[in-house]
Amino acid sequence: MSLFHGGRHSEGLLCTEEGTTYHCTRGSSMPQYKLTYFNLRGRAEISRYLFAYSGKKYEDHRIEAADWPKIKPTIPFGKIPVLEVDGVTIHQSLAIARYLARESGLAGQTPVEQALADAIVDTIDDFMTLFPWAEKNQDVRKQAFDDILTNKAPELLKDLDTFLGDNNWLVGKSVTWADFYWDVCSTTLLSCKPDLADNYPRLLALRDRVQAIPAIAAWIQKRPKTAM
Ligand SMILES: N[C@@H](CCC(=O)N[C@@H](CS)C(=O)NCC(=O)O)C(=O)O
């Protein structure tokens with residue numbers, strides 16, 4: 001018995017061949033997902049939120065830092081996270097998350113909303129990439145973190161607060177992946193500086209709204225507890 005044309009029709013039929021007879025059954029059309037990252041929230045957490053929200057099954061593959069040097073050469077472009085979708089490897093955390101957001105209806109309801117959600121995600125990401133995450137010298141690291149959190153964060157928070165205004169969600173009338181990204185990133189920022197957003201109750205309330213979504217609340221409860 002062999003699989004017919006890779007075994008799967010686009011309608012989700014799983015077909016096997018016996019001689020000249022094909023047996024087709026309705027298989028699951030759900031892709032096989034494997035998300036590979038370190039045992040951290042970091043750049044994979046936005047995708048884990050999106051998986052949690054959509055309820056799609058995936059392998060949350062967390063590698064040990066000690067194993068990374070031997071794994072790195074096997075990963076296209078040598079950086080993680082990567083998401084394998086039925087064996088196709090997608091790199092870049094935000095490309096992965098944008099794909100998952102589209103698949104789950106969280107990318108924005110119109111092309112303009114989608115562009116705005118992308119823009120907010122990129123704005124937050126520009127800020128997150130200012131930090132020297134991989135700096136080994138703890139004094140240098142702390143000084144840079146303090147400087148960014150004290151001197152650069154207020155501008156971002158002020159602009160995000162203005163953008164959000166009195167709306168429930170950053171873009172449009174319903175939650176998008178931009179709200180998830182704010183929650184994921186601000187969780188890490190607040191772990192570094194707990195009073196960071198005290199002057200921005202609307203941004204803190206947005207975090208509460210995201211974390212009150214039942215699937216997100218359940219994920220936050222059950223996820224591995226890691227520093228970052
Ligand atoms: N822009 C990329 C950055 C990927 C990246 O720098 N990943 C880090 C972990 S957060 C990594 O793979 N570090 C190990 C290395 O560069 O060897 C993304 O968003 O995925």
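Residues numbered from 1 in each chain as written. Predicted model: local features only at pLDDT ≥ 70, side-chain atom pairs only at ≥ 80, totals over all residues. Heavy atoms only, no water.

## Overview of the layout of surface pockets
In this structure, the largest pocket occupies an estimated 1000 Å³ of space. Lining of the largest pocket is provided by 31 residues; of these, Tyr37, Leu40, Gly42, Arg43 and Trp133 occupy positions nearest its centre. Residue assignment for the lining of the largest pocket shows that the elements contributing at least two residues are strand 4 (33-38), helix 3 (93-103), helix 4 (111-128), helix 5 (138-164) and helix 6 (177-192). Within the lining of the largest pocket, the residues separate by chemical class into 16 nonpolar, eight polar and seven charged. Shared between two domains, the lining of the largest pocket takes at least three residues from each, and those domains are domain 2 (33-103) and domain 3 (111-222). Taken together, Arg48, Phe51, Ala52, Gly55, Lys56, Lys57, Tyr58, Ala215, Ala218, Trp219 and Lys222 make up the lining of the second largest pocket. (1 Å grid on protein atoms, 1.4 Å probe; cavity = no way out; pocket = protein on both sides within 12 Å on 5 of 7 lines; lining within 4 Å. Points joined across faces, edges and corners; volume = space filled by probe spheres on them. Helix = DSSP H or I, 4+ residues; strand = E, 2+ residues; numbered from the N terminus. Nonpolar A, V, L, I, M, F, W, Y, C, P; charged D, E, K, R; others polar. Domains from an automatic or database assignment.)

## Comments concerning the site of the ligand
Neighbouring the ligand are the residues Tyr37, Phe38, Arg43, Trp68, Lys72, Lys79, Ile80, Pro81, Gln92 and Ser93. A distance of 2.7 Å separates an oxygen atom of the ligand from a polar atom in the side chain of lysine 79. Contacts to the ligand include glutamine 92, whose side-chain N or O atom sits 2.8 Å from a nitrogen atom. If the ligand stood free it would expose 510 Å²; the protein chains cover 70% of that surface. A majority-of-atoms criterion places the ligand in the largest pocket. Taken together, the residues of the shell around the ligand sort by class into five nonpolar, two polar and three charged. (Near = heavy atom within 4 Å. Polar contact = N/O pair within 3.5 Å; in protein donor to acceptor, adjacent residues only side chain to side chain. Areas by Shrake-Rupley, 256 points an atom, 1.4 Å probe, with all protein chains shown as cover. Sits in = over half its atoms within 2 Å of the grid points.)

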